[in-house]
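Structure assessment
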Amino acid sequence: MSHGPPSGLAAVSTALLAMSRHLEVRDVLKTIVASARELLDAQYAALGVPDDHGGFAQFVVDGVSDGQWKAIGPLPRQHGVLAAMLREDGPQRLADVRKDPRFGGWPSAHPDLIDFLGLPIRDGDEVIGALFLANKLRPAGGHPPRTPGGPEPDGVCGFTQDDEDVLGILAQHAAIALTNARLYERSRELTIAEERSRLAHELHDAVSQKLFSLRLTAQAAARLVDRDPSRAKGELQQVAALAAEAAEELRAAVVELRPAALDEDGLVATLRTQVQVLDRAHSARVTFTARGVRALPATQEEAVLRVAQEALHNALRHAEADHVDVTLERRGNGAVLRVADDGKGFDPGIIRRAGRHLGLVSMRDRASGVGGGLTVESEPGKGAAIEMEVPGG
């Protein structure tokens with residue numbers, strides 16, 4: 001049984017399908033280079049995306065270990081034959097790239113490259129990337145494989161015209177995949193901007209009227225302080241009530257804004273990002289751990305995210321916690337969310353009467369609405385933990 005590289009139409013089809021599965025630019029770049037290296041049986045593959053200064057804005061490699069890449073260091077702005085691929089029209093097929101007059105600027109830790117095949121990726125007349133392969137592992141036509149440190153090449157490139165043709169097909173589809181990924185990311189940015197605009201309008205409509213009433217009531221209280229203290233006290237109580245209502249409207253509008261990232265990135269990535277933001281924004285340490293979580297149906301994921309947000313809000317705003325820990329782990333086909341803090345805690349008996357203030361009623365409703373359950377653990381001075389379990393799909 002052969003254990004060589006995949007070949008033929010089926011292998012090309014597999015590579016093209018792999019590229020089409022991703023929407024994020026970085027994932028597309030990684031898939032292109034991995035597909036090219038496997039398809040053309042090369043030791044190394046790389047893809048560079050140009051910046052506006054003749055160099056590379058992004059550069060992705062395959063076949064180089066993390067340790068090697070770290071030792072190589074930052075890529076030079078102008079990188080000899082690689083940067084030339086961004087300026088020249090056709091493919092470059094070289095028996096020994098080291099002898100090319102454009103070769104230069106390679107870091108000392110860079111792996112040895114010998115035979116080389118490079119091709120620009122074009123979208124119309126625009127070069128949107130350059131795809132490179134080096135060191136053909138099993139050259140056709142009886143030529144021995146290139147061995148860094150071994151005998152000098154015989155002047156014949158290990159990469160063939162067939163390799164060049166296949167890479168040309170891959171580059172055409174890479175242009176489509178990369179363009180689609182860029183359009184997707186721009187569309188997503190616009191969607192986020194539209195959501196922010198919608199939120200701004202909602203906040204204005206929901207809160208501005210209450211704030212206007214609050215200001216008038218505060219002004220009335222100020223006028224009554226000296227001549228009618230009892231009436232002034234009543235007006236100040238109304239100020240407090242209006243302020244609480246405005247704060248609740250604000251909180252509800254923010255919580256109900258579904259993050260665009262949830263649909264695309266999934267629950268784990270979205271939670272991790274939100275926890276990182278909260279950790280930077282608050283003095284308390286906020287951490288997140290995920291263990292073996294599988295994707296859940298959309299309604300479950302949104303419910304888990306909303307409960308996590310509410311529980312984090314309570315811990316950071318009311319509990320005076322130094323550390324809040326969020327964990328999400330698989331349980332059967334479902335998942336368990338736990339948000340625990342080391343704050344001041346509370347008496348669960350008292351909280352049953354004040355549960356709406358801390359959002360416990362809405363959290364329980366969200367959990368039960370997706371067939372799950374919510375438990376609350378706390379006692380004064382010993383922190384609190386909210387645990388939500390949801391079934392799988």
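Conventions we followed
Residues numbered from 1 in each chain as written. Predicted model: local features only at pLDDT ≥ 70, side-chain atom pairs only at ≥ 80, totals over all residues. Heavy atoms only, no water. Buried < 20%, exposed > 50% of the residue type's maximum accessible area, 1.4 Å probe, protein only. Helix = DSSP H or I, 4+ residues; strand = E, 2+ residues; numbered from the N terminus. Pairing = 2+ DSSP bridges. Contact = heavy atoms within 4.5 Å. Axes fitted to C-alpha atoms, helices over the stretch in contact; angles between N-to-C directions. Parallel < 35°, antiparallel > 145°, perpendicular 65-115°, else oblique. Left-handed = near helix turned anticlockwise from the far one by under 90°. Nonpolar A, V, L, I, M, F, W, Y, C, P; charged D, E, K, R; others polar. Arc of directions from axis to C-beta. Salt bridge = Lys/Arg side-chain N within 4 Å of Asp/Glu carboxyl O.

Description of the pairing of strand β1 (residues 42-50)
Here β1 lies mainly inside the structure; 7 of its 9 residues are buried. Pairing between β1 and strand β2 (residues 56-62): 6 bridges, direction antiparallel. Within β2, the position partnered with G48 by the bridge is F59.

Looking at the environment of L117
Residue position: L117 is located in strand β4 (residues 116-123). For L117, a relative accessible area of 0% translates into the label buried. Between the C-alpha atoms of L117 and V97, which are 20 residues apart in sequence, the distance is 9.2 Å. If we skip the residues at most four places from it in the chain, L117 touches L40, Q92, R93, L131, F132, L133, F159, D163, E164 and L167.

Section: the packing of helix α8 (residues 298-317) against helix α10 (residues 360-369)
Running from N to C, α8 and α10 point in directions that differ by 160 degrees, and their axes come no closer than 9 Å. Viewed along their axes, α8 and α10 adopt a mutual orientation that is roughly antiparallel. Seen from above, α8 lies across α10 with left-handed handedness. Only S362, M363 and R366 of α10 make contact with α8, whose side of the interface consists of A303, R306, V307, E310, A311 and N314. The residue inventory of the contact of α8 with α10, partitioned by class, reads 4 nonpolar, 2 polar and 3 charged.

Considerations on the sheet that holds strand β9 (residues 373-378)
With respect to topology, 5 strands assemble into an open sheet ordered β6-β7-β8-β10-β9, the strand pairing being mixed. Only two strands of the sheet have a single neighbouring strand rather than two, namely β6 (285-291) and β9. Strand-to-strand twist of the sheet, defined as the mean angle between neighbouring strand axes without regard to direction, takes the value 10 degrees. Bridge analysis of β6 against strand β7 (residues 323-331) gives 7 bridges, and the strand direction is parallel. Directly across from R291, in β7, lies its bridge partner E329. Sitting on the sheet, α10 is in contact with β9 and β10 (384-390), with an inclination near 145 degrees to β9.

A look at α10
What α10 keeps buried is the set L360, M363 and A367. In a view along the axis of α10, the buried residues occupy a sector of 60 degrees, so they form one face of it.

Structural notes on the pattern of salt bridges
One pass over the full model with this rule turns up 11 salt bridges. One salt bridge connects D62 with R37, and the closest N-O pair in it is separated by 2.6 Å. With D62 in strand β2 and R37 in helix α2 (residues 25-40), this pair connects stretches of sequence that are 25 residues apart. The exposure class of D62 is partly exposed, given its relative accessible area of 22%. For R37, a relative accessible area of 27% corresponds to the partly exposed category. The salt bridge involving R285 is made with D279; its shortest N-O contact spans 2.8 Å. The class of D279 is partly exposed, set by a relative accessible area of 22%.

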